[in-house]
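Geometric and topological summary
The lines below spell out each chain.
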Amino acid sequence: MVVGILQIFLRLPGCRSLKDKRRVLRSLIDRVRRDYQVSIAEVGDNDLWGNAEVGVTVVSSSAMQVESILSKVLDAFAGNPEVEMEGSQKDVERY
């Protein structure tokens, strides 16, 4: 079993309230969850309307598949004009 964990650190420059932030993140998180079958949630900076930390996990029998899915998730965030990626951290472990 291979487990991939991804942390994504975001800036949300167009958001002027927590309500704006939730709208942007909910849309993006729901789309990524549906398209890539991953577990994903906002895991940090919950009370800051200009920043967000998102956690993503995926489990597979293949490390190559885990890497591919996490790469596609990163591309989905990087390609969204409403958010700016400040950084990410990825960890893939075999159990």
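Just above, that's the structure.
Residues numbered from 1 in each chain as written. Predicted model: local features only at pLDDT ≥ 70, side-chain atom pairs only at ≥ 80, totals over all residues. Heavy atoms only, no water.

1. Overview of the nonpolar core
Ranked by size, the top nonpolar core spans 25 residues in total, and within it Val 56, Val 73 and Phe 77 carry the most contacts. Of all elements in the fold, only strand S1 (2-11), helix H1 (18-36), strand S3 (51-60) and helix H2 (63-78) reach the threshold of two or more residues within this core. Of all the elements, H2 adds the most residues to this core, at seven residues. Other than its neighbours up to four places away in sequence, Val 73 contacts Leu 6, Ile 8, Val 32, Tyr 36, Val 38 and Val 56. (Core = buried A, V, L, I, M, F, W, Y, C linked by side-chain atoms within 4.5 Å. Buried < 20%, exposed > 50% of the residue type's maximum accessible area, 1.4 Å probe, protein only. Helix = DSSP H or I, 4+ residues; strand = E, 2+ residues; numbered from the N terminus. Contact = heavy atoms within 4.5 Å.)

2. Digging into the sheet that holds strand S4 (residues 84-94)
Pairing in this open sheet of four strands is antiparallel, and the strands run S2-S3-S1-S4 from one edge to the other. At either end of the open sheet lies a strand with only one pairing partner, and these are strand S2 (39-44) and S4. Adjacent strand axes in the sheet meet at a mean angle of 20 degrees, parallel and antiparallel pairs treated alike. Where S1 lies against S4, ten bridges are found, and the strand directions are antiparallel. (Pairing = 2+ DSSP bridges. Axes fitted to C-alpha atoms, helices over the stretch in contact; angles between N-to-C directions.)

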